[in-house]
Amino acid sequence: MGRDDRSDRGDSRRGDPHITAATGARLRVDVRQPPGAPDLARDVVAGLGASPKSLPPKYLYDDRGSALFEAITRTAEYYPTRAEVALLESVAAEVADSTRAAELVELGSGSARKTRTLLDALGASRREVRYVPFDVSEGALRRSAEDLLRAYPLLRVHGVVGDFHRDLGAVPEGGRRLVAFLGSTMGNLSDDEALALLAQVRAVLGPGDHLLLGLDLVKDEGVLLAAYNDSEGITAAFNLNLLAVLNRGLDADFDPARFEHLAFWNPGAKRMEMHLRARLAHRVRFRALDLDVDFAEGETLHTEISRKYLPGEVRDLLQSADLRLVRWWAAPEPAFGLALATAAPAPP
Ligand code: AVJ
């Protein structure tokens, strides 16, 4: 994802026309290039031109998609958020003790609740802590930043709106750092992409800095299937919203009624998969690309993977990215894990 944009990393931070000033003396938001039309056009040409068809999951999170995901986390069946919140609440003091962080960098949209749990444990209500949220959705980032600034009078927020696969180098210099990558968001990545991302995180960790990684764990298939096929149909709406993103972004003519939500467990790859399945054979036009895409009846567009981990593979995964596991906490039923890691000491 976003491979070809590497060249803009690092050198263009100052004077970047995408960086805008923001409200409030304690709030600054740098707007990097969000996943917008150029990326979308390229990804559609590549992903819908291929067989099987697929698109990167980041396009699910426009403002409506982000709101639908928040609604998913409140469904009875979607356990990961509740499992992680409960685990985090029970170990936050240990995380703070182990890290003594003065800066919390959060990758991906986290629920405000998780952020507050970490900020409270880090003592943000009585000392100056810096919070660096990193998100593709500017709306979601600003809303949560403003809530937090009101709740923590000593907090400073320096948000980065961007694609963390590409813009992680734009995370501003800071103090003793805790990078939180929660919600099992890493599970959306292929194993190769996850490794690449961990290596990028590793690059922004100095001595004494930490990574806190939330990972959903392999569990009973029925629990997994229910979580991605909630009875209110919110996950289906979240998945189908991708078609609205494509219609708007590339002037396409998808009819959501011609697709159905499909989510299943892939045991070989240890992941949930979300697809949109065509109910009938039809053609979709992308006016902005002057492109027609044919769907056969029953053909699927793969929209998301959600990798579930085995506790035994976490240490090796981190190690492959030159990270060292220092603490591991796991909650049973529904199983969910939190890993605390540091940059492995440089070889002699
Ligand atoms: C936010 C990526 C962790 O994969 O469980 C929820 C997104 N997709 N239901 C996940 C999601 C369908 C979620 N993550």
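Every value quoted in this text rests on a predicted model; they were computed, and no experiment measured them. (Residues numbered from 1 in each chain as written. Predicted model: local features only at pLDDT ≥ 70, side-chain atom pairs only at ≥ 80, totals over all residues. Heavy atoms only, no water.)

### Brief notes about the packing of helix H3 (residues 80-99) against helix H4 (residues 112-121)
At step 1: Axis separation between H3 and H4 bottoms out at 9 Å; the angle between their running directions is 10 degrees. In terms of orientation, H3 and H4 fall into the roughly parallel class. From H3, Thr81, Glu84, Val85, Leu88, Glu89, Ala92, Ala93, Val95 and Ala96 reach across to H4, where they touch Arg113, Lys114, Thr117, Leu118 and Ala121.
At step 2: Tallied by class, the residues present in the contact of H3 with H4 amount to eight nonpolar, two polar and four charged. (Axes fitted to C-alpha atoms, helices over the stretch in contact; angles between N-to-C directions. Helix = DSSP H or I, 4+ residues; strand = E, 2+ residues; numbered from the N terminus. Parallel < 35°, antiparallel > 145°, perpendicular 65-115°, else oblique. Contact = heavy atoms within 4.5 Å. Nonpolar A, V, L, I, M, F, W, Y, C, P; charged D, E, K, R; others polar.)

### A closer look at the site of the ligand
At step 1: Close contacts around the ligand come from 13 residues, with Tyr78, Gly183, Tyr228, Glu304 and Ser306 the closest.
At step 2: Asn188 is positioned such that a nitrogen or oxygen atom in its side chain is 3.4 Å from an oxygen atom of the ligand.
At step 3: Contact distances for the ligand include 2.5 Å between an oxygen atom and a side-chain N or O atom of Tyr228.
At step 4: Expressed as a share of its isolated accessible area of 350 Å², the protein-covered part of the ligand is 96%. (Near = heavy atom within 4 Å. Polar contact = N/O pair within 3.5 Å; in protein donor to acceptor, adjacent residues only side chain to side chain. Areas by Shrake-Rupley, 256 points an atom, 1.4 Å probe, with all protein chains shown as cover.)

### Regarding the sheet that holds strand E5 (residues 156-161)
At step 1: If you walk across this open sheet you meet the eight strands as E1-E5-E4-E3-E6-E7-E14-E13, and the pairing is mixed. Across the chains shown, the open sheet's two edge strands, defined by having one partner strand only, are strand E1 (27-31) and strand E13 (323-331). With strand direction ignored, the average angle separating the axes of adjacent strands in the sheet is 15 degrees.
At step 2: Taken together, the seven bridges between strand E7 (residues 210-216) and strand E14 (residues 336-343) define a ladder with antiparallel strand orientation. Residue Leu212 lies in a different strand from E14, and its bridge partner there is Leu340.
At step 3: Running over the sheet, H3 touches strand E6 (177-181), E7, E13 and E14 and is turned about 30 degrees from E14.
At step 4: Seen against the sheet, helix H5 (residues 138-151) touches E1, strand E4 (130-135) and E5 and runs at an angle of roughly 170 degrees to E1. (Pairing = 2+ DSSP bridges.)

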